[in-house]
Amino acid sequence: MHPSSTGVAVDSGPRLQIVAVIPARGGSKRIPRKNLLPLAGRPLLTWSIAAAKAAPSFGEAWVSTDDDEIATVAVEYGARVIRRPAELAEDNTPTYDVILHALGMIRAEGVDVDAVATLQP
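Keep in mind it's a predicted model, so treat the numbers as computed, not measured. (Residues numbered from 1 in each chain as written. Predicted model: local features only at pLDDT ≥ 70, side-chain atom pairs only at ≥ 80, totals over all residues. Heavy atoms only, no water.)

**Details of the layout of surface pockets**
Which entries qualify depends on this criterion: Each cavity reported here is a set of points on a 1 Å grid over the protein atoms alone in which a 1.4 Å probe fits but cannot get out, each pocket an open set with protein on both sides within 12 Å along at least five of seven lines, and each lining residue one with an atom within 4 Å of a point. Grid points are joined across faces, edges and corners, and a volume is the space filled by probe spheres set on the points. Gly falls in the polar group here, along with every residue not listed as nonpolar (Ala, Val, Leu, Ile, Met, Phe, Trp, Tyr, Cys, Pro) or charged (Asp, Glu, Lys, Arg).
Approximately 450 Å³ is the volume found for the largest pocket. Pro23, Arg25, Lys34, Asp91 and Gln120 are, among the 21 residues lining the largest pocket, the residues nearest its centre. Grouping the amino acids of the lining of the largest pocket by side-chain chemistry returns nine nonpolar, five polar and seven charged.

What follows is the structure in structure tokens.
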């Protein structure tokens, strides 16, 4: 229930479980370690985590990564981590495949997901 513009409580129905998935691999070729490089005083990756956590639509923020240091930073900033296999961390790996893998792993954790939003670091 939430108040309408008239102040009367309105039942908006069941809330969808939307998760944010942030794909952040460790092996960037053009800018090495770019997801961990500082931007305005903190690692690039953390801005996407903060945005996901601040958005009321998302239940949780998940970072899909193949990199131990990225995983550590993600947890420090409040995200959950999905360990991505090496074959999904190549230069030419489609984001779609990464998200499908992440969705399967999130569901395996017992999270009932209605929708996924991808946030790039």
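**Comments concerning the pattern of salt bridges**
The test is simple: A pairing counts as a salt bridge when a side-chain nitrogen of Lys or Arg comes within 4 Å of a carboxyl oxygen of Asp or Glu. Under the DSSP-based scheme used, a helix requires at least four consecutive residues in state H or I and a strand at least two consecutive residues in state E, with every element numbered from the N terminus. Think of it in three bands: with a 1.4 Å probe and only protein chains considered, a residue is buried below 20% of the maximum accessible area for its type, exposed above 50%, and partly exposed in between.
Scanning the entire structure with this criterion turns up seven salt bridges. The salt bridge partner of arginine 33 is glutamate 69, with a shortest N-O separation of 2.9 Å. Note that arginine 33 is positioned in the loop between β3 (18-23) and β4 (38-39) and glutamate 69 in helix α2 (residues 68-76), a separation of 36 residues in sequence. Relative accessible area serves as the criterion here: at 46%, glutamate 69 is assigned to the partly exposed category. Between aspartate 68 and arginine 83 there is a salt bridge, and its shortest N-O distance comes to 2.8 Å. Here the residue aspartate 68 occupies a position in helix α2, and arginine 83 occupies one in strand β7 (residues 80-83), the gap between them amounting to 15 residues.

**Digging into helix α1 (residues 44-54)**
Put simply, the rule reads: Think of the arc as the fan of directions from the helix axis to the C-beta atoms. Residue contacts are defined here by distance: any two heavy atoms, one from each residue, within 4.5 Å place the two residues in contact.
Within the sequence span of α1, burial applies to Leu45, Thr46, Ser48, Ile49 and Ala52. Axial view of α1: buried residues confined to an arc of 160°, hence all on one face. Along its buried surface, α1 packs onto β3, β5 (42-43), β6 (58-65) and α2.

**Considering the sheet that holds β3**
Counted only if it meets this: Here, any two strands with at least 2 DSSP bridges between them count as paired. Angles here are taken between N-to-C directions and fall from 0 to 180 degrees, while the axes themselves are lines fitted to C-alpha atoms, restricted in helices to the stretch in contact.
With parallel pairing, four strands are arranged side by side in an open sheet as β7-β6-β3-β8. Every other strand in the sheet has two partners, leaving β7 and β8 (115-118) as the edge strands with one partner each. Averaged over all adjacent pairs, the angle separating strand axes in this sheet is 30°, with direction ignored. Packed on one face of the sheet, α2 meets β6 and β7 and runs near 160° to β7. Across the sheet, helix α3 (residues 95-108) is in contact with β3, β6, β7 and β8; its angle to β3 comes to roughly 130°.

**Observations concerning unusual backbone geometry**
Non-glycine residue arginine 33 carries a positive phi angle of around 60°. Relative accessible area serves as the criterion here: at 30%, arginine 33 is assigned to the partly exposed category. The phi torsion at alanine 40 lies on the positive side, around 55°, for a residue other than glycine. As for its placement among the helices and strands, alanine 40 is situated in the loop between β4 and β5.

**Some remarks on the nonpolar core**
Soluble, globular proteins show a tendency: their nonpolar side chains are buried together. Applied cut-off: As used in this record, nonpolar core signifies buried Ala, Val, Leu, Ile, Met, Phe, Trp, Tyr and Cys residues forming a set joined through side-chain atoms within 4.5 Å.
Formed by 16 residues in total, the largest nonpolar core has its most connected members in Leu45, Ile49, Phe58, Val63, Ile70, Ala74 and Ala79. Contributions of two or more residues to this core are made by β3, α1, β6 and α2. Ranked by size, the runner-up nonpolar core spans ten residues in total, among them Val21, Trp62, Val111 and Val113.

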